[in-house]
Amino acid sequence: MENYYGFENGITGNELYQKGIKQASNLEIDLLKEEVVKISHLNSNFLVHTTNNQIESKVVIIAIGNQKKHLDIDGLNKFEGRGVSYCAICDGFFYRNKDVVVIGSGTYAISEVNDLLNIANNITILTNGNKPPDFRADNVSIISKPIKLVRGNTKVEEIEFDDNSSIKTDGIFIAQGVAGVTDLSKKLGLIIEKNSIVTNKDMETNIPGIYACGDATGGLLQISKAVYEGTKAGLSAIKYLNNRR
Amino acid sequence: MSILTINNNNFEKDVLGSEKPVLVDFYADWCGPCKMMSPIVEEIAEECNDTILVGKVNVDENQELAQKYGIMSIPTLILFNNGIPKETIVGLQSKEQIKQKLK
């Protein structure tokens, strides 16, 4: 970043991030370096699920940026809601005793597979050319070939790979990379527009107690805007907590 | 304006046989996004009560209906006009987005 106020010689994004983390730890704020795979409701609180922990909280501020995770597979978009899903916990119900695939290879994909284990008949993890995860379960198999296209009439029926082989499936769950804005929002019930979380000017989302800021809310993808929104979200969260007492 | 509770028994009469278009919300009690959609659907029912009726189908209790209309993700809203599905909206969306699609 060459033009962020106060840094006359510019600063890289990573350097600014590291300085921010250091600043937070100087204030003795707890810091967990873990991947968030899901946020769920727990009575009037929230449960943040990470790779190794479940953390209960009265408020959550979502400031995870907005990495674009475009999956360039022919036919995928056309079947959204007709066999293509972005949320195992929401849509797993419709795939009871059916055969499904999960596209992905990381921790988030495994978390989605776990949500489907006792619902679906057979689950196939499709890594789409990436390294297969170290995961074993009776009804789970792994295919690591690159995917060419998705086929079906009114709903998903078949997936074809680059080597022209194919498998039949009843449903596709997308879980590529880490859980992003869209993934977390769909599980929680946050309203999104164009892959960004919708907030008001106080960074409140449609769910009381959940705030969002920075690139996750879309608009100007600038550090100055993220800092402003972070401040607003923090103040709104404090106000919310005070009112709950 | 009250929201109709639609089930396997009254679907034909209250939705397919309705003179007014009917917006049907397919939902389940365990579905987080459905809970967020519920107040939005209630507001739409209130604001559009001259033009459309609004009903809710619990997919847990009415799996036949969910299957018949190819519901594979909830919440899903389907607008029925003269017994025919005219518009399908999948996933949680804002009131404005939904009203735009119902126009």
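The rules behind these values
Residues numbered from 1 in each chain as written. Chains lettered and ligands numbered in written order. Predicted model: local features only at pLDDT ≥ 70, side-chain atom pairs only at ≥ 80, totals over all residues. Heavy atoms only, no water. Pairing = 2+ DSSP bridges. Helix = DSSP H or I, 4+ residues; strand = E, 2+ residues; numbered from the N terminus. Axes fitted to C-alpha atoms, helices over the stretch in contact; angles between N-to-C directions. Parallel < 35°, antiparallel > 145°, perpendicular 65-115°, else oblique. Left-handed = near helix turned anticlockwise from the far one by under 90°. Contact = heavy atoms within 4.5 Å. Nonpolar A, V, L, I, M, F, W, Y, C, P; charged D, E, K, R; others polar. Buried < 20%, exposed > 50% of the residue type's maximum accessible area, 1.4 Å probe, protein only. Disulfide = S-S within 2.5 Å. 1 Å grid on protein atoms, 1.4 Å probe; cavity = no way out; pocket = protein on both sides within 12 Å on 5 of 7 lines; lining within 4 Å. Points joined across faces, edges and corners; volume = space filled by probe spheres on them. Buried area = accessible area lost by both parts, 1.4 Å probe. Salt bridge = Lys/Arg side-chain N within 4 Å of Asp/Glu carboxyl O. Polar contact = N/O pair within 3.5 Å; in protein donor to acceptor, adjacent residues only side chain to side chain. Domains from an automatic or database assignment.

## Regarding the pairing of strand β3 (residues 54-57) of chain A
All names here are of chain A.
Move 1: Where strand β2 (residues 45-50) and β3 come together, 4 bridges link them in antiparallel fashion. Counted as the bridge partner of Leu-47 is Glu-56 from β3.
Move 2: What sits between β2 and β3 in their antiparallel hairpin is a turn of 3 residues.

## Notes on the packing of helix α2 (residues 32-47) of chain B against helix α4 (residues 95-102) of chain B
All names here are of chain B.
Move 1: Where α2 meets α4, the axes come as close as 10 Å, and the angle between the chain directions of the two elements is 50°. If you check the angle between α2 and α4, you find them oblique. The two elements α2 and α4 cross, and the hand of that crossing is right-handed. Contacts between α2 and α4 involve Met-37, Ile-40, Glu-43, Ile-44 and Glu-47 on the former and, on the latter, Lys-95, Ile-98, Lys-99 and Leu-102.
Move 2: Classifying every residue of the contact of α2 with α4 by side-chain character gives 5 nonpolar, no polar and 4 charged.

## Some remarks on the environment of Leu-47 of chain A
All names here are of chain A.
Move 1: Mapped onto the elements, Leu-47 comes out in strand β2.
Move 2: Of the residues examined, Leu-47 reaches a relative accessible area of 13% and is grouped as buried.
Move 3: Put simply, Leu-47 and Asn-118 are 71 residues apart on the chain and 22 Å apart in space, counted from C-alpha to C-alpha.
Move 4: When sequence neighbours within four positions are dropped, the list of residues in contact with Leu-47 reads Lys-38, Ile-39, Ser-40, Leu-42, Gln-54, Ile-55 and Glu-56.

## Some details on the packing of helix α4 (residues 181-188) of chain A against α2 of chain B
Move 1: Between α4 of chain A and α2 of chain B, the least distance of the axes is 5 Å, while the angle of their chain directions is 70°. As the angle between them shows, α4 of chain A and α2 of chain B are arranged roughly perpendicular. Touching Lys-186, Lys-187 and Leu-188 of chain A of α4 of chain A are Gly-32, Pro-33 and Met-36 of chain B, all from α2 of chain B.
Move 2: A per-class count over the contact of α4 of chain A with α2 of chain B returns 3 nonpolar, 1 polar and 2 charged.

## A few points about the state of the cysteines
Move 1: Applying the stated criterion across every chain yields a total of 2 disulfides over all chains.
Move 2: Disulfide partner of Cys-87 of chain A: Cys-90 of chain A, at an S-S distance of 2.1 Å. In this structure the cystine formed by Cys-87 of chain A and Cys-90 of chain A twists about its S-S bond by roughly 70°; its chirality is therefore right-handed.
Move 3: Classification of Cys-87 of chain A as buried rests on a relative accessible area of 2%.
Move 4: Each disulfide pairs two cysteine sulfurs, and for Cys-31 of chain B the partner residue is Cys-34 of chain B, the sulfurs being separated by 2.3 Å.

## Brief notes about the layout of surface pockets
Residues and elements named next belong to chain B.
Move 1: Here the second largest pocket is characterised by a volume of approximately 520 Å³.
Move 2: Lining the second largest pocket are 22 residues, and of these Ala-66, Gln-67, Gly-70, Ile-71 and Met-72 lie nearest its centre.
Move 3: Looking at the lining of the second largest pocket, the elements with two or more residues in it are α3 (63-68), β4 (76-81) and β5 (84-90).
Move 4: Taken together, the residues of the lining of the second largest pocket break down into 11 nonpolar, 7 polar and 4 charged.

## Overview of the interface of chain A and chain B
Move 1: At the junction of the two partners, chain A supplies 22 residues and chain B supplies 19 residues.
Move 2: Looking only at chain A, the three residues that lose the most surface to chain B are Phe-93, Phe-94 and Ile-191 of chain A, adding up to 37% of its buried area.
Move 3: Viewed at the interface, chain B and chain A are joined by 0 salt bridges.
Move 4: Connecting chain A to chain B are 2 residue pairs in polar contact (both at pLDDT 80 or more).
Move 5: Elements represented by at least two residues in the side of chain A that touches chain B include exactly α2 (88-91), α4 and β13 (192-193) of chain A.
Move 6: Residues belonging to the side of chain A that touches chain B are distributed by class as follows: 10 nonpolar, 5 polar and 7 charged.

## Concerning the domain arrangement of chain A
A common way to report how large an interface is uses the accessible area buried once the components associate.
Residues and elements named next belong to chain A.
Move 1: Parsing chain A into structural domains produces domain 1 (32-67 + 180-244) and domain 2 (77-174).
Move 2: Placing a centre on the C-alpha atoms of domain 1 and another on those of domain 2 gives a separation of 28 Å.
Move 3: Taken residue by residue, the interface counts 7 residues in domain 1 and 11 residues in domain 2.
Move 4: Here domain 1 packs against domain 2, burying approximately 800 Å² in sum over the two surfaces, 56% of which is carbon and sulfur.
Move 5: The largest contributions to the domain 1 side of the interface with domain 2 come from Val-37, Lys-186 and Lys-187, which together make up 55% of the buried area.
Move 6: The tally of links from domain 1 across to domain 2 stands at 3 salt bridges.
Move 7: When the shortest N-O distance is used, the salt bridge between Asp-115 and Lys-38 registers 2.9 Å.

## Focus: the sheet that holds strand β2 (residues 22-27) of chain B
Consider a sheet: its strands pair through backbone hydrogen bonds, and that pairing is either parallel or antiparallel.
Residue and element names in this part refer to chain B.
Move 1: Strand order in the open sheet formed by 5 strands is β1-β3-β2-β4-β5, with mixed pairing between adjacent strands. Sheet topology places β1 (4-6) and β5 at the edges, where each strand pairs with a single neighbour. Sheet twist, expressed as the mean angle between neighbouring strand axes with direction ignored, is 25°.
Move 2: Bridge count between β1 and strand β3 (residues 53-58): 3 bridges; the pairing is parallel. Residue pairing in the sheet places Ile-6 in a bridge with Val-57 of β3.

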